[in-house]
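Now for the letters of each chain:
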Amino acid sequence: MPSYYALKAIHIIFMVSYFAGIFYLIRLYVYYIDAKDKPEPEREILRKQYIYMISRLWDIITVPAGIIMLITGIFMMINTKGDISFYILREPWFHIKLVFVSCLGVYHYWSWRCIKRIKKGTFHTTSVHLRMMNEVATIILFAVIFIVIFKQYFMGMWLSLLISFVVLVFVIMMVVKFVNRKKNKK
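Since we're looking at a predicted model, the values are computed, not measured.

Engineer: Sorry if this is basic, but what is going on with the nonpolar core here?
Structural biologist: One broad trend across soluble globular proteins is that nonpolar side chains are buried collectively. Counting residues in hydrophobic clusters, the biggest one holds 41 residues, and the most contacted among them are Tyr 18, Phe 19, Leu 25, Tyr 29, Ile 54, Phe 123 and Leu 130. Going through the elements one at a time, helix 1 (2–34), helix 2 (42–78), helix 3 (92–120), helix 4 (127–149) and helix 5 (154–185) are the ones with two or more residues in this core. With near-sequence residues (within four places) excluded, Leu 25 lies in contact with Ile 54, Leu 57, Trp 58, Ser 111 and Ile 115.

In structure tokens, the structure reads:
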């Protein structure tokens, strides 16, 4: 059992590192897009710096943290309930968690594709769209944390948790919209 808790601690530490990387990565995308409004040579200097920062963040923090998070998660699946390997795969709440983790995988792929387009100079989107996409990672994080914390009660409370989750998503989106509207008025 102590090895399970060590894996869990490492998993949580690298999950936090991974999400910190993902959250900051999208902010760098926003800064990169917003630099287009700057005059030359400032625009080119900023864009080169953002590409450098994006590459370093992705290669040194986000991807390694994601790999360690994934590996420790797999080992925790194997090392559950003592002798019974993969016991957790029988739990309905874990299936729902895996759906959100799969969504995180898609989001990770989307982030990687954005980096490729930025480096090619073909990344054209709005900062508002990127801010909304940043909330996708937030929603996935909230969902996974609540599923894991409420795992014993999840199946009995799924409807109220789903309604609460939808309300939370709505509130997050409205706050983002309000902040963006306030920013555009300046």
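Engineer: Is there a simple way to explain helix 3 in this structure?
Structural biologist: Along an α-helix, a turn takes 3.6 residues, which lines up residues three or four apart on a common side. Here helix 3 spans 43 Å end to end across 29 residues, near enough to the 42 Å set by a 1.5 Å rise per residue. Residues of helix 3 that are buried: Trp 93, Phe 94, Lys 97, Phe 100, Leu 104, Tyr 107, Ser 111, Cys 114, Ile 115 and Ile 118. Note on helix 3: the residue one or two positions beyond its end, Gly 121, has a positive phi of about 85°.

Engineer: What is the right way to read the packing of helix 2 against helix 3 from this model?
Structural biologist: When two helices pack together, their arrangement is given by the angle between their axes and by how far apart the axes lie. For the pair helix 2 and helix 3, interaxial distance at closest approach is 12 Å and the crossing angle is 160°. In terms of axis orientation, helix 2 runs roughly antiparallel to helix 3. Of the two possible hands of crossing, helix 2 and helix 3 adopt the one that is left-handed. Each of Ile 51, Ile 54, Ser 55, Trp 58, Val 63, Met 69 and Met 77 in helix 2 lies in contact with helix 3, whose residues at this interface are Phe 94, Leu 104, His 108, Ser 111, Trp 112, Ile 115, Ile 118 and Lys 119. For the contact of helix 2 with helix 3, a count of residues per class yields eleven nonpolar, three polar and one charged.

Reading the values: the criteria
- Residues numbered from 1 in each chain as written.
- Predicted model: local features only at pLDDT ≥ 70, side-chain atom pairs only at ≥ 80, totals over all residues.
- Heavy atoms only, no water.
- Core = buried A, V, L, I, M, F, W, Y, C linked by side-chain atoms within 4.5 Å.
- Buried < 20%, exposed > 50% of the residue type's maximum accessible area, 1.4 Å probe, protein only.
- Helix = DSSP H or I, 4+ residues; strand = E, 2+ residues; numbered from the N terminus.
- Contact = heavy atoms within 4.5 Å.
- Expected span 1.5 Å × (residues − 1).
- Axes fitted to C-alpha atoms, helices over the stretch in contact; angles between N-to-C directions.
- Parallel < 35°, antiparallel > 145°, perpendicular 65-115°, else oblique.
- Left-handed = near helix turned anticlockwise from the far one by under 90°.
- Nonpolar A, V, L, I, M, F, W, Y, C, P; charged D, E, K, R; others polar.

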